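Working through the structure, step by step
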Amino acid sequence: MTTSHGPAPSSGAGHDPYGAEPGPMGDPSDVLARLGRSWTWILGSAIATLVPGLLILLWPDGTLHVLAVLIGLYLLVTGVFRFVAVFAGEGHGERLPGLLLAVLYTLAGVLCLRNPLQTIAALSLIVGLVWLVSGILTLYAAIAAKDLPHRGVVLGAAVLAIVAGIVVLALPAESARALTWLLGLWLVLLGLAEVALALAWRAALRR
């Protein structure tokens, strides 16, 4: 889940409509920071999570190859969203968890796409570990970040990711269909949590 850090700016004059503080547009890090603080960027991350989840739920009998590609693309795209969100942090202490998550998602995505014919158990292990670590680091970032206006929503999304990781890792791998449904269901739930996060961030920007 993409997390925006720092205080929510007001919607008055001098502020970017996406929620980033004004700055020199020529600086790439400033451009990424403005993008990372945008509520539409968080919404984009939510859609990147929702779409594969819905596809898995609507097409549970798809081949393992298709499932691995969907999961791999989800992880890679989420890694990109998280990398941009890193620049929304106010300090290096807030950016480190986000950077670790971006690397984690990217490596996991490459691993899924490199060997798309692996077993459903292997896919579940990869996704479960990513969600568990992601939830723990997001929980830490939400607690450590200063003046986070949507802290409760972020904490809820972090707990949901932790629970998702534990459930996926704890279930036996005998039923490929059951695990496929489970992965799709958790992707949808996590995507909806990110939609709530995006709406909360938009509401904070309008205050």
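Residues numbered from 1 in each chain as written. Predicted model: local features only at pLDDT ≥ 70, side-chain atom pairs only at ≥ 80, totals over all residues. Heavy atoms only, no water.

**Side note on the confidence of the model for the chain**
- The predicted model of the chain averages 77 in pLDDT, with 74% of residues at 70 or higher.
- Confidence drops under a pLDDT of 50 for residues 5–24, and excluding neighbours within four residues, the segment shows 56 contacts in the predicted structure. (pLDDT = per-residue confidence, 0-100. Contact = heavy atoms within 4.5 Å.)

**Let's talk about the environment of L64**
- Positionally, L64 belongs in helix α3 (residues 64–86).
- As for L64 and T119, which are separated by 55 residues in sequence, their C-alpha atoms are 7.5 Å apart. (Helix = DSSP H or I, 4+ residues; strand = E, 2+ residues; numbered from the N terminus.)

**Remarks on the packing of helix α2 (residues 39–58) against α3**
- Packing of α2 against α3 brings their axes to within 10 Å, and their N-to-C directions diverge by 170°. As judged from the angle between their axes, α2 and α3 are roughly antiparallel. Facing W41, G44, S45, A48, T49, P52, L55 and I56 of α2, the residues of α3 in contact are L67, L70, I71, Y74, V77, T78, V80, F81, V84 and A85.
- Tallied by class, the residues present in the contact of α2 with α3 amount to 14 nonpolar, 4 polar and no charged. (Axes fitted to C-alpha atoms, helices over the stretch in contact; angles between N-to-C directions. Parallel < 35°, antiparallel > 145°, perpendicular 65-115°, else oblique. Nonpolar A, V, L, I, M, F, W, Y, C, P; charged D, E, K, R; others polar.)

**Some points on the packing of aromatic side chains**
- Evaluated as defined, the whole model comprises 2 aromatic pairs.
- For the pair W41 and F81, a centre-to-centre distance of 4.5 Å together with 50° between the ring planes defines the contact as tilted. With W41 in helix α2 and F81 in helix α3, the pair connects residues that are 40 residues apart, well separated along the chain. Of the two residues, W41 and F81, neither departs from the other in class, the shared state being buried.
- Seen in terms of ring centroids, Y74 and Y105 are 6.3 Å apart; in terms of plane orientation they differ by 85°. Their pairing is edge-to-face. One end of the pair, Y74, is in helix α3; the other, Y105, is in helix α4 (residues 92–114), with 31 residues separating them in the sequence. In terms of burial, Y74 and Y105 fall into one category: buried.
- One cation-aromatic arrangement involves R202 over W39; the distance from NZ or CZ to the ring centre is 4.9 Å. (Phe/Tyr/Trp six-rings, centres within 6.5 Å; stacked < 30°, edge-to-face > 60°. Buried < 20%, exposed > 50% of the residue type's maximum accessible area, 1.4 Å probe, protein only. Lys NZ or Arg CZ within 6 Å of the ring centre and 35° of its normal.)

**A short note on the packing of helix α5 (residues 120–144) against helix α6 (residues 151–170)**
- Between α5 and α6, the least distance of the axes is 7 Å, while the angle of their chain directions is 155°. One finds that α5 runs roughly antiparallel with respect to α6. Considering the relative orientation of α5 and α6, their crossing is left-handed. Between α5 and α6, the contacting residues are S124, L125, G128, L129, W131, L132, G135, I136, T138, L139, A142 and I143 on the first element and R151, V154, L155, A158, A161, I162, A164, G165, I166, V168 and L169 on the second.
- Broken down by class, the residue content of the contact of α5 with α6 amounts to 17 nonpolar, 5 polar and 1 charged. (Left-handed = near helix turned anticlockwise from the far one by under 90°.)

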